[in-house]
Each structure stands twice: as structure tokens, then as C-alpha cells.
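One letter stands for each residue in the lines below.
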Amino acid sequence: MAISHYNRTISAALADSVKAKMDFGAGAGLIKVYTAPMPADTTVGITTQTLLGTCTCSDPCGVSATGTLTFSAITQDTAADNSGTAAWARFTDSTGTVVKDHDITVVGGGGALQMVSTTIVAGGPIAFTSLTETLP
């Protein structure tokens, strides 16, 4: 695992930038949950991955302070589109422009996003109770 640390001015600017990108457009940003494989980077399109469901961020998405972006309430997807194992999520602004991707694991599994269960059932809920991102 790579480790990076930035001075607080830079990490604050990075968190502010992520927030601004999530809030771009006329509506709320989205968190789209997919099956594996996770693309190599955000410029790689979706191919064989299955969209399990989409959660909607608040608008604005949250609050950025001293390098930490704390998301406000995230609206759950009350009826998942498909069944499968959640492996990663793509965050987009309201226009569909990709902001970032994060891996998903069960709680304690080390993923950037952690869920109690990564097993998603079509028609069932997908929810994140909280989301905080601290830039190093």
C-alpha cells in the first residue's frame, strides 16, 4: 500500500476540489455501485461490470474543512437494479461526469468504501449511512 501525506493547505484544496466537482451541474451527484472488475482509472468506461444501483448525494454533497470532505445525507437506492457483489463505486456529478472511483469491501476489509454486506439483491436497498473522506 502506498502512503502519501500532504501539508494541510494542499489536502484542504484537494477536498474542496472534490466537493466542487461533485456539486457541479444543476442537480445532485451520484454514487453508482458496480460489480467487478474495477476499471484501471476514471477514464476507462464501463464494460462487463453490472450496475447494481445508484445512491443520490445531497446537493451540495457535504462540507469540506481542513482536508476532510464529510458528505451530507445520501439517499439510498430503495430498489437495486440487479443482484451481485458490490466491488466498486463510481462517483459522478449531476451531468454524469466522473469525479472518482472507490473500491468497496465489507467493514474492516480495507476498502475506501465499506459496507456491512457487499451482497446486493435486486429490488433490495443499497445505502451508505455515512461517508467521510480525509485527504492525507
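For the structure itself, consult the block above.
Residue positions are counted from 1 within each chain, in the order its sequence is given. Owing to the predicted nature of the model, reporting of local features is limited to residues with pLDDT of at least 70; listing and counting of side-chain atom pairs is limited to 80 or more, with chain, interface and lining totals taken over all residues. To get the side-chain values, take all heavy atoms of the structure and skip hydrogens and water.

A. How the structure looks around the packing of aromatic side chains. Any pair of Phe, Tyr and Trp rings, taking the six-membered ring for Trp, is counted once the centres come within 6.5 Å. Such a pair is stacked with planes under 30 degrees apart, edge-to-face with planes over 60 apart, and tilted for the rest. Tallied over the full model, the rule gives 2 aromatic pairs. An angle of 15 degrees between the planes, with centres 4.7 Å apart, marks the rings of tyrosine 34 and tryptophan 88 as stacked. Pair noted here: tyrosine 34 is in strand β1 (residues 30-34) and tryptophan 88 is in strand β6 (residues 88-92), with a separation of 54 residues, a long-range link. Considered together, tyrosine 34 and tryptophan 88 belong to a single accessibility category, that of buried residues. Look at NZ for Lys and CZ for Arg. If either is within 6 Å of the ring centre and within 35 degrees of the ring normal, a charge sits over the ring. The ring of phenylalanine 91 carries the charged tip of lysine 100 above its face, separated from the ring centre by 4.7 Å. Helix and strand definitions here come from DSSP, where helices need a minimum of 4 consecutive H or I residues and strands a minimum of 2 consecutive E residues; each element is numbered from the N-terminal end. Residue exposure (1.4 Å probe, protein chains only): buried if accessible area is under 20% of the type maximum, exposed if over 50%, otherwise partly exposed.

B. Just the side chain of serine 64, in detail. Of note, serine 64 is situated in strand β3 (residues 62-65). On the basis of relative accessibility, which here comes to 18%, the residue serine 64 falls in the buried class. For this analysis, a polar contact is any N or O atom pair within 3.5 Å, provided that within protein one partner can donate a hydrogen and the other can accept it, and provided that sequence-adjacent residues contribute only side-chain to side-chain pairs. Among the polar contacts listed, one links the side chain of serine 64 to the side chain of aspartate 16, at a separation of 2.5 Å. In what follows, a contact means two residues having at least one pair of non-hydrogen atoms within 4.5 Å. When residues no more than four places from it in sequence are discounted, the contact partners of serine 64 are Ala12, Ala15, Asp16, Lys19 and Leu69.

C. Here's a closer look at the sheet that holds strand β10 (residues 132-134). With respect to topology, 3 strands assemble into an open sheet ordered β3-β4-β10, the strand pairing being antiparallel. At either end of the open sheet lies a strand with only one pairing partner, and these are β3 and β10. Each neighbouring strand pair of the sheet contributes to a mean axis angle of 10 degrees, computed without reference to strand direction. Two strands pair when backbone bridges link them, and strand β4 (residues 68-71) and β10 are joined in this way by 3 bridges, in the antiparallel orientation. Its bridge partner lying in β10, threonine 68 is registered against threonine 134. As a rule, the C-alpha atoms of each element are fitted with a line to give its axis, helices using only the stretch in contact, and angles between N-to-C directions run from 0 to 180 degrees. In the packing of helix α1 (residues 8-22) onto the sheet, the strands contacted are β3, β4 and β10, and the crossing angle to β3 comes to about 160 degrees. Here a strand pair is declared whenever DSSP counts at least two bridges between the two strands.

D. Seen up close, the pairing of β6. With 5 of 5 residues buried, β6 lies mostly within the body of the structure. Every second residue of β6 is oriented toward a common face, with Trp88, Arg90 and Thr92 on one face and Ala89 and Phe91 on the other, all of them buried. When β1 meets β6, the two strands line up antiparallel, connected through 5 bridges. Its bridge partner lying in β6, isoleucine 31 is registered against phenylalanine 91. Taken together, the 5 bridges between β6 and strand β7 (residues 98-106) define a ladder with antiparallel strand orientation. Of the residues in β7, the one forming a bridge with phenylalanine 91 is lysine 100. Here β6 folds back onto β7 in antiparallel fashion, the turn holding 5 residues, of which glycine 96 has a positive phi close to 95 degrees.

E. Examining the pattern of salt bridges more closely. A pairing counts as a salt bridge when a side-chain nitrogen of Lys or Arg comes within 4 Å of a carboxyl oxygen of Asp or Glu. One pass over the structure, following the stated rule, counts 3 salt bridges. Note that aspartate 101 is salt-bridged to arginine 90, the shortest N-O span being 2.8 Å. Here the residue aspartate 101 occupies a position in strand β7, and arginine 90 occupies one in strand β6, the gap between them amounting to 11 residues. The two residues aspartate 101 and arginine 90 agree in class, both being buried.

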